[in-house]
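# Close look at the chain arrangement
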Amino acid sequence: MTGDPRLVTRTTAANDHVITPDPVQRPDVCRAIGGEETSPYVAEWLPLDDGPGASYIGEQLALPSCAGEQQLAFAPIAEGLGLFAHQGIWYRPGVISGYLSLPEPYIELRLPLAGTTRILTASGTTVIETPRQGLLSIEHSGEPCEHHNPVGEFNSRLAVLVTASQLRMLFVDQPLGDRLAFIKTPDAWPTIHDSIAMNATLQRICMEIMHHHLPNTLSRLFLTAKTLELISYVLAAWHQPAIPGHPIRGSSARDRQRAQQARDILRANLGHPPLVHELARSLGLSQRKLNHLFRECYGGSVIQCLGQWRMEYARALLRADTHSLKEIAFQLGYDHCQNFISAFQRQVGMPPGEFRARARPQRLHQPPVPVDVPA
């Protein structure tokens, strides 16, 4: 690994943009890991105004100077194991739509350090990243995600990439619990997007990576150790997840199961969901307890999550471009199409017709994703 990271930073043109770079000095996360010119990431910058687009295939995501600044580094640690660093700021509204081009399934651990990112997965699930909540993704090669960053907000993250074969090597001859059993069955890898609590331990490891000053001869050894530490810590917590703040020890697994049952019932009945108090009673919970579990597990109340899942399904149907707005509204339980249009615009920021029109020319060249209720 060389001492100078081979990165591209785009600077703003000297014109009348409303958004200007924040002069505050910040740690350079990309310089911290060094990096290579090539990576398995393939992406497009898709403007949401009349600005120019851009493509990234293995070398650099060069945003147009009027759109923002972008740094991206990829440090290959070992075969099937790597560390990403990203930071930047957008001056215009847009979307980065991209995927990892790999020969096998993989796990990506996204660890945000600054800013907010809204991610729309290939399955239609929306995930929000903040410095308090990262993302564990189990995916298959070529599954595109859309990344939305607020205009004018500095954004920074580290990410760990580990492939199925590398993970099997790390766990060779080790007993695995039910939740990690898929690691040893390469043909049965699921697609999962779960949140990661950015607690003090993860923040400490990330800070150690960002601020290390080891010479080049020791940097790769240090990054290898820290990358494996991140993987082991996150998978250990994910293997035996717990509900933060739950007052009764030993009951969290049962409560998580009931929360998952409630989620599955709602997602299977997006058009005609049960009333919240009826759903809670059917699972032996109070309405207040069910809302508490949903906030802990899914980041919002039952009604908030239901609204989000409805709009995720609506976006998937709009991308498929096979249903009219009236048909989509009916499938989601709206008596009047205008009510659906208003709800969609409140949550997504644009009417569904505009969303569909923009989705047509902005799709990556990927096979169509089957439309189904998000799992």
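Residues numbered from 1 in each chain as written. Predicted model: local features only at pLDDT ≥ 70, side-chain atom pairs only at ≥ 80, totals over all residues. Heavy atoms only, no water.

The protein is annotated in an unreviewed UniProt entry as HTH araC/xylS-type domain-containing protein of Thiocapsa imhoffii.

### Topic: the overall build of the protein
Counted only if it meets this: Secondary structure counts use DSSP, requiring at least four H or I residues in a row for a helix and at least two E residues in a row for a strand, with both numbered from the N terminus. With a 1.4 Å probe rolled over the protein chains alone, any residue whose accessible area is under 20% of its type maximum counts as buried; one over 50% counts as exposed, and the rest are partly exposed. Here, two residues are considered to be in contact whenever any of their heavy atoms come within 4.5 Å of each other. Per-residue accessibility takes into account occlusion by the displayed protein chains alone, with areas from the Shrake-Rupley method and a 1.4 Å probe.
Tallying secondary structure elements over the protein gives eleven helices and twelve strands in all. Taking all 375 residues of the protein together, the buried fraction comes to 47%. In the protein, the proportion of contacts linking residues at least 24 apart, taken out of those at least 6 apart, comes to 71%. Of the roughly 18300 Å² that the protein leaves accessible, carbon and sulfur atoms contribute 53%.

### Examining the packing of aromatic side chains
For clarity, the threshold we go by: Note on ring pairs: Phe, Tyr and Trp rings are taken, using the six-membered ring of Trp, and paired if centres are within 6.5 Å. Classes follow the plane angle, with under 30 degrees stacked, over 60 edge-to-face and the rest tilted. Either the NZ atom of lysine or the CZ atom of arginine qualifies as a charge over a ring when it sits within 6 Å of the ring centre and within 35 degrees of the ring normal.
Tallied over the entire structure, the rule returns six aromatic pairs. An angle of 40° between the planes, with centres 4.6 Å apart, marks the rings of Phe74 and Phe84 as tilted. Here Phe84 lies in strand S4 (residues 81-90) and Phe74 lies in strand S3 (residues 68-78), a separation of ten residues in the sequence. Cation over ring: Arg310 sits above Tyr334, and NZ or CZ is 5.6 Å from the ring centre.

### Quick look at the environment of Arg179
Turning to its location among the elements, Arg179 is positioned in the loop between helix H2 (164-170) and strand S12 (192-197). As for Arg179 and Trp238, which are separated by 59 residues in sequence, their C-alpha atoms are 8.4 Å apart.

### Section: the pairing of strand S5 (residues 94-100)
Keep this limit in mind: Only strands that DSSP links by at least two bridges are regarded as paired with each other.
Along S5, seven of the seven residues are buried, which leaves the element largely enclosed by surrounding structure. Covered by surrounding structure in S5 are Gly94, Ile96, Gly98 and Leu100 together with Val95, Ser97 and Tyr99, the residues of both alternating faces. Examined bridge by bridge, strand S1 (residues 41-47) and S5 share seven bridges and lie antiparallel to one another. Across the sheet, Val42 pairs through a bridge with Tyr99, a residue of S5. Sheet topology note: the S5/strand S10 (residues 145-148) ladder contains three bridges and is antiparallel. Directly across from Ile96, in S10, lies its bridge partner His147.

### Description of a nonpolar patch on the surface
Note the following rule: Surface patches are defined over residues having more than 30% relative accessible area and no salt bridge, joining like charges when they lie within 9 Å and nonpolar side chains (Val, Leu, Ile, Met, Phe, Trp, Tyr) when within 5 Å. Between Lys or Arg on one side and Asp or Glu on the other, a salt bridge is scored when a side-chain nitrogen of the former is within 4 Å of a carboxyl oxygen of the latter.
On the surface, a cluster of nonpolar side chains totalling about 280 Å² of accessible area is made up of Leu214, Leu218 and Leu221. Locating Leu221 in the fold gives a position in helix H4 (residues 216-239).

### Details of the nonpolar core
Inclusion rule: To form a nonpolar core, buried Ala, Val, Leu, Ile, Met, Phe, Trp, Tyr and Cys residues must be joined to one another through side-chain atoms within 4.5 Å.
Core analysis: the biggest nonpolar cluster contains 36 residues, and Ile33, Ile107 and Leu167 have the highest contact counts within it. If you tally residues by element for this core, the top one is H4, at seven residues. Counting 32 residues, the second-largest nonpolar core is a separate cluster that includes Ala259, Ala262, Ala280 and Phe340.

### Description of H4
Here is the rule: For a helix, the expected span equals 1.5 Å multiplied by the residue count minus one.
Taking 1.5 Å per residue, 24 residues should reach 34 Å; H4 reaches 35 Å between its end C-alpha atoms and fits that length. Among all positions of H4, only Ser219, Phe222, Leu223, Lys226, Thr227, Leu230, Ile231, Val234, Leu235 and Trp238 are buried.

### Here's the deal with empty space enclosed by the protein
Using the following cut-off: Definitions used throughout: a 1 Å grid over protein atoms alone; a cavity as a set of points that fits a 1.4 Å probe which cannot get out; a pocket as an open set with protein on both sides within 12 Å along at least five of seven lines; a lining residue as one with an atom within 4 Å of a point. Grid points are joined across faces, edges and corners, and a volume is the space filled by probe spheres set on the points. Residues are sorted three ways: Asp, Glu, Lys and Arg are charged, Ala, Val, Leu, Ile, Met, Phe, Trp, Tyr, Cys and Pro are nonpolar, and all the rest, Gly among them, are polar.
For the coordinates displayed, the defined rule picks out two cavities of 30 Å³ or more. Size it by volume and the largest cavity reaches roughly 380 Å³. Around the largest cavity sit 27 residues that line it, and Tyr41, Glu108, Arg110, His147 and Arg157 are the ones nearest its centre. Counting only elements with at least two residues in the lining of the largest cavity, the list comes to S3, S4, S5, strand S6 (106-114), strand S7 (117-120), strand S9 (133-139), S10 and strand S11 (155-163). Counted by class, the lining of the largest cavity contains 15 nonpolar, seven polar and five charged residues.

### Focus on the pattern of salt bridges
Tallied over the full model, the rule gives eleven salt bridges. In this structure, Glu229 and Arg204 form a salt bridge, with 3.3 Å as the shortest nitrogen-oxygen distance. Taken as a pair, Glu229 in helix H4 and Arg204 in helix H3 (residues 200-210) lie far apart in primary sequence, 25 residues in all.

### Examining the confidence of the model for the protein
Test applied: For every residue, the pLDDT score states the predictor's confidence, bounded by 0 at the bottom and 100 at the top.
In this model, the protein carries an average pLDDT of 77, and 79% of its residues clear a pLDDT of 70 or more. Overall, residues 1-25 carries pLDDT values under 50, and its contacts beyond four positions in sequence, including any with other chains, amount to 49 contacts.

### Focus on the sheet that holds S9
So the rule is basically this: Helix axes use the C-alpha atoms of the stretch in contact, all axes being lines fitted to C-alpha atoms, and the angles between their N-to-C directions lie in the range 0 to 180 degrees.
Reading across the sheet, the six strands line up as S3-S4-S11-S6-S9-S12 and stay open at both edges, with antiparallel pairing between neighbours. With one partner strand each, in any of the chains shown, S3 and S12 form the two edges of the open sheet. Across the sheet, the mean angle from the axis of one strand to that of its neighbour is 15°, orientation sign disregarded. Sheet strands in contact with H4 are S3, S4, S6, S9, S11 and S12, and its direction is about 90° off that of S4.

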